[in-house]
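Coordinate inspection notes
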Amino acid sequence: MQEPILHHYWGSPYAEKIRLLFGYKNLVWRSCEIPVTPPRSNLARVLGGFRRTPVLQLGADFICDTRLIAEVIDDLKPESSLKSKQNETLSQLISHWAEPRVFALVGPVRFRSAEDVDGVFDGQVSVDQFRSDRIPFMHPVYDAERFSKLNASSWDHLRFYMDALEGLLSAESNFIGGDKPAFGDFSAYHNVWWLRVPPAQIEFLSNYPAVADWADRMKAFGHGKYSSIGDDDALATAVAAKSDGQIYSPSWEQQPDRRMGREVEIVADDYGKVPVEGTIVAMSGRHVTIERSADGIGTVRVHFPRVGYEIVTTSSSKSRVTQAFA
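All of these numbers come straight from a predicted model, not from anything done at the bench.

Taken as a whole, the second largest pocket spans an internal volume of roughly 440 Å³. Those elements that provide at least two residues to the lining of the second largest pocket are α3 (66-76), α4 (88-110) and α8 (183-196). Split by residue class, the lining of the second largest pocket holds seven nonpolar, eight polar and seven charged.

Here helix α1 (residues 13-25) crosses α4 at 140°, and the two axes come no closer than 11 Å. The angle between α1 and α4 falls in the class oblique. Within the contact between the two elements, α1 uses Pro-13, Tyr-14 and Lys-17 and α4 uses Glu-99, Pro-100 and Phe-103. Considered class by class, the residues forming the contact of α1 with α4 number four nonpolar, no polar and two charged.

A separate point is the packing of α1 against α3. At a minimum axis separation of 10 Å, α1 and α3 run at an interaxial angle of 10°. In terms of orientation, α1 lies roughly parallel with respect to α3. Counted together, Tyr-14, Lys-17, Ile-18, Leu-21, Phe-22 and Lys-25 of α1 and Thr-66, Arg-67, Ile-69, Ala-70, Ile-73 and Asp-74 of α3 form the full contact between these two elements. Per-class residue counts for the contact of α1 with α3 are seven nonpolar, one polar and four charged.

Our focus in this paragraph is unusual backbone geometry. Cis rather than trans, the peptide bond between Pro-38 and Pro-39 has omega equal to 15°. Topologically, Pro-39 is positioned in the loop between β2 (28-33) and α2 (41-47). Of note, the amide linkage connecting Glu-99 to Pro-100 takes the cis form, showing an omega dihedral of 10°. Counting through the fold element by element, Pro-100 comes out in helix α4. Of note, the phi angle at Ser-80 is positive, near 55°, even though the residue is not glycine. Take Ser-80: it is sitting in the loop between α3 and α4.

So, on to the side chain of Thr-279. Looking at the element boundaries, Thr-279 is found in strand β7 (residues 276-283). Among the residues examined, Thr-279 registers a relative accessible area of 18% and is labelled buried. Side chain to side chain, Thr-279 and Glu-263 meet in a polar contact 2.5 Å long. Thr-279 has contacts with Gly-261, Arg-262, Glu-263, Thr-289, Ile-290 and Glu-291, leaving out every residue within four places of it along the chain.

When pLDDT is averaged along the protein chain, the result is 86; 89% of the residues meet or exceed 70. A low-confidence stretch, residues 316-326 stays under pLDDT 50, and its non-local contacts, those more than four residues away or across chains, total 29 contacts.

The end-to-end C-alpha distance of α8 is 21 Å, a good match for the 20 Å that 14 residues give at a rise of 1.5 Å each. Where α8 bends most, at Tyr-189, the angle is about 30°. Within α8, 13 of the 14 residues are buried, which leaves it mostly tucked inside the rest of the structure.

As a further point, take the pairing of strand β9 (residues 298-305). With six of eight residues buried, β9 lies mostly within the body of the structure. Alignment of strand β4 (residues 61-64) against β9, held across three bridges, turns out to be parallel. Residue pairing across strands places Ile-63 opposite His-303, the latter belonging to β9. Taking the residues between adjacent antiparallel strands as the criterion, strand β8 (residues 287-294) and β9 are bridged by three residues, where Gly-296 takes a positive phi near 80°.

Basis of the calculations
Residues numbered from 1 in each chain as written. Predicted model: local features only at pLDDT ≥ 70, side-chain atom pairs only at ≥ 80, totals over all residues. Heavy atoms only, no water. 1 Å grid on protein atoms, 1.4 Å probe; cavity = no way out; pocket = protein on both sides within 12 Å on 5 of 7 lines; lining within 4 Å. Points joined across faces, edges and corners; volume = space filled by probe spheres on them. Helix = DSSP H or I, 4+ residues; strand = E, 2+ residues; numbered from the N terminus. Nonpolar A, V, L, I, M, F, W, Y, C, P; charged D, E, K, R; others polar. Axes fitted to C-alpha atoms, helices over the stretch in contact; angles between N-to-C directions. Parallel < 35°, antiparallel > 145°, perpendicular 65-115°, else oblique. Contact = heavy atoms within 4.5 Å. Buried < 20%, exposed > 50% of the residue type's maximum accessible area, 1.4 Å probe, protein only. Polar contact = N/O pair within 3.5 Å; in protein donor to acceptor, adjacent residues only side chain to side chain. pLDDT = per-residue confidence, 0-100. Expected span 1.5 Å × (residues − 1). Bend = angle between axes of the 7 residues up to and from the residue. Pairing = 2+ DSSP bridges.

And the structure:
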């Protein structure tokens, strides 16, 4: 198996979720740092217009969306698995609340001034650059033009979210899943991490002592063992892996589907709705995989979760039938 490569930037809360998973699993990985805002030309060669990050690379396979990336990482090292029948449902509910509903509403709380942007991204991007990039990207999850007017309602939702976490973590449990962390812990944590990054919301966070103790336990997992890799070298590993025949095979049971082998577009169903074109080569109850041609690389495989994405099937007449994943 190829050494995992994470395409990410350090100020991303979603990337922090995956970095902590590497730490929890004690995995060795490569860090391919990308800009906070596009252009990200090399990654775009693989993914087309899709720009949600982070993206996990395993040779010539690229796994998108942290909900799927988390499951792949759990499969790469099944010791200390995050799966259990007791917490699977709770983890799913938390994941689809925290990502992206709470994440979107943290924005008006997190970015209220130029200092907030500098604090999170270490001056890598200006307020104007950040806003002009994220406003169209996040549409229609929220109206970024109305940040200041949304601030009060964002605080209301965030308090409700934190109250729920405080209740779950006040029952003498170290983690949301019990004595050991579950997928839901990592999904819930990344929004809390964002509020703890300087300039931290210290006064607000002080109202949630159980969440604070849990967040410290999560942070203690660290990021595992990693080294840096440039994006040119990262894509070179895709070429090498393809010629070596090393292909990542998801462990989920394959399901027959009439769309197998068809040309499709995969598009997110909430925000960042730029389709990725390819041919479906694998499907299960958890994921869908397409093959596509990447300039200068050749054929790559891109994996998406079933939930949260749509298949747009194309025909020679260019008619389209959109079918939401169940």
